Amino acid sequence: MSKPSEAELIHIFKGIPFTTRSSPELLNSLDTFDAREDDVLLVSYPKSGTHWLAGVITKLYTTQVTLTSPIEFGDISKLEELNKLSSKRIIPTHLDYNLLPPNFKNKKCKMIYISRNPKDTAVSMYYYYRDNPNLPTVDTWTAFFDLFIKGDVVCGSWFDHFLSWEEHQNDKNILFLFYEDMKKMKSDTEKENSSPSSTVCSLTSNRKLIFRKGTVGDWKNHFTPKQNRRFEEVFNEKMKLSKMAKSLIYEF
Ligand code: A3P
């Protein structure tokens, strides 16, 4: 079955591609969102380990917490839905720092930013695009690699996303985590809790699409030497002022 056209699946909001599952009305009204001081935000660029992080964080609480779907997914009724929750809210988001509702910043809510080697993120996202009917068609890894480098994918450029958050690395309420090998937790999280058709990501309820390999270094099975050189060039250029990028020991 062929997928709907790109125009039916993607729209651009403030220069960043979003799926039509994030309605323009919702995105426009995020600025009015009522954050609570005890909200916890789980922040990531897609395919960076959001589900792993959600699994870990929700286990830390002994009182009732609600893991919501990402704040930017849904239509305008989303704000009301979140408002109604009486328990503590753990809220995932893929938003760039600049698009985050200002209320979270003013109330100094705790935010955890998770990232992993962007090359592994790119490969993970390729399979996600390929197998998810809610994302545009990509014919080959080569075609997807070019889109990823250009930031022409949902949530925009990995580099810009990371940099927008890194600027706030010294904010006391923001913690940065780097995903290493999650293989050990994969089988547990894959099996446990809720229904087999439940994920944090609103673009799929299919857990097989999320828990793919959960390993570090799968990029080596996909990147050609030329793509690797190109990626490094772009990485070095884009991240030249990034302190965090310098201290990360990504295997290149
Ligand atoms: P791969 O596609 O490389 O396997 P996200 O959770 O942000 O959508 O990211 C999905 C990626 O993180 C997938 O990577 C998936 O395998 C891995 N992942 C997510 N949760 C995991 C968990 N609990 N244990 C192991 N890997 C996990």
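Report on the accompanying structure.

About the thresholds
- Residues numbered from 1 in each chain as written.
- Predicted model: local features only at pLDDT ≥ 70, side-chain atom pairs only at ≥ 80, totals over all residues.
- Heavy atoms only, no water.
- Buried < 20%, exposed > 50% of the residue type's maximum accessible area, 1.4 Å probe, protein only.
- Helix = DSSP H or I, 4+ residues; strand = E, 2+ residues; numbered from the N terminus.
- Pairing = 2+ DSSP bridges.
- Core = buried A, V, L, I, M, F, W, Y, C linked by side-chain atoms within 4.5 Å.
- Contact = heavy atoms within 4.5 Å.
- Salt bridge = Lys/Arg side-chain N within 4 Å of Asp/Glu carboxyl O.
- Axes fitted to C-alpha atoms, helices over the stretch in contact; angles between N-to-C directions.
- Parallel < 35°, antiparallel > 145°, perpendicular 65-115°, else oblique.
- Left-handed = near helix turned anticlockwise from the far one by under 90°.
- Phe/Tyr/Trp six-rings, centres within 6.5 Å; stacked < 30°, edge-to-face > 60°.
- Lys NZ or Arg CZ within 6 Å of the ring centre and 35° of its normal.
- Expected span 1.5 Å × (residues − 1).
- Arc of directions from axis to C-beta.

A two-sided burial pattern is seen for strand β2 (residues 16-19), the buried positions comprising Ile16 and Phe18 on one face and Pro17 and Thr19 on the other. Bridging between strand β1 (residues 10-13) and β2 involves 4 bridges; their strand directions are antiparallel. Residue pairing across strands places Ile10 opposite Thr19, the latter belonging to β2. In this antiparallel pair of consecutive strands, β1 and β2, the connection spans 2 residues, and Lys14 shows a positive phi of 45°.

What follows deals with the nonpolar core. With 63 residues, the main nonpolar core has Phe104, Phe144 and Trp165 as its most contacted residues. Ranked by residues supplied to this core, first place goes to helix α6 (residues 118-131) with 7 residues. Setting aside chain neighbours within four positions, we find Phe144 in contact with Ala122, Met125, Tyr126, Tyr129, Val138 and Val153. Listed in part, the 11 residues of the second largest apolar core include Val40, Ile90, Tyr179 and Val200.

Let us look at unusual backbone geometry. Of note in the backbone geometry, Lys108 takes a positive phi value of approximately 50° without being a glycine. Tracing the chain through its elements places Lys108 in the loop between α5 (102-106) and β6 (110-115). A positive phi is found at Cys155, a non-glycine position, where the angle reads about 75°. Take Cys155: it is sitting in the loop between α7 (141-150) and α8 (158-166). Residue Cys155 is classed as buried on the basis of its relative accessible area of 12%.

Overall, the coordinates contain 6 salt bridges when judged by the stated rule. Close ionic contact of Glu232 with Lys119 constitutes a salt bridge, the shortest N to O distance being 3.7 Å. Note that Glu232 is positioned in helix α11 (residues 225-238) and Lys119 in helix α6, a separation of 113 residues in sequence. By relative accessible area, Lys119 is classed as buried at 0%. Where Arg130 meets Asp131, a salt bridge forms, and the shortest distance between an N and an O atom there is 3.1 Å.

What follows deals with the sheet that holds strand β7 (residues 174-178). Sheet strands line up and pair through hydrogen bonds in the backbone, either parallel or antiparallel. Here 5 strands make up an open sheet; going across it, the order is β4-β5-β3-β6-β7 and the pairing parallel. The sheet terminates laterally at β4 (65-67) and β7, the two strands that pair on one side only. On average, each strand axis in the sheet is inclined to that of its neighbour by 20°, with strand direction left out of account. Sheet topology note: the β4/strand β5 (residues 88-93) ladder contains 3 bridges and is parallel. Bridging from a neighbouring strand, Val65 pairs with Lys88 of β5. Sitting on the sheet, α8 is in contact with β3 (40-44), β6 and β7, with an inclination near 145° to β6.

This paragraph deals with the packing of α8 against α11. Interaxial distance between α8 and α11 falls to 11 Å at its minimum, and their mutual angle equals 30°. In terms of axis orientation, α8 runs roughly parallel to α11. The chirality of how α8 crosses α11 is right-handed. Across the interface between the two elements, Trp158, Phe159, Asp160 and Leu163 from α8 touch Phe231, Val234, Phe235 and Lys238 from α11.

Moving on: the packing of aromatic side chains. What characterises a pair of aromatic rings is the spacing of the ring centres plus the angle enclosed by the ring planes. Inspection of every chain in the model, using the stated rule, returns 23 aromatic pairs. Pairing Phe148 with Phe231 gives two aromatic rings, centres 6.5 Å apart and planes at 20°, and the pair type is stacked. Of this pair, Phe148 sits in helix α7 while Phe231 sits in helix α11, and the two are 83 residues apart along the sequence. Like Phe231, Phe148 is buried. Residue placement shows Lys105 over the ring face of Tyr97; its charged tip is 4.2 Å from the ring centre. Directly above the ring of Trp219 sits Lys119, whose terminal nitrogen or CZ lies 4.0 Å from the centroid.

Moving on: α11. Taking 1.5 Å of rise per residue, the 14 residues of α11 would be expected to cover 20 Å, and the 20 Å separating its terminal C-alpha atoms lies within 8% of that figure. Three or more residues of α11 are buried, namely Gln227, Asn228, Phe231, Val234 and Phe235. Mapping the buried residues of α11 onto a view down its axis gives an arc of 130°, with all of them on the same face. Along α11, exposed side chains directed more than 90 degrees from the buried face belong to Pro225, Lys226, Arg229 and Glu233. Its buried side turned inward, α11 meets α6, α7, α8 and α12 (243-247).

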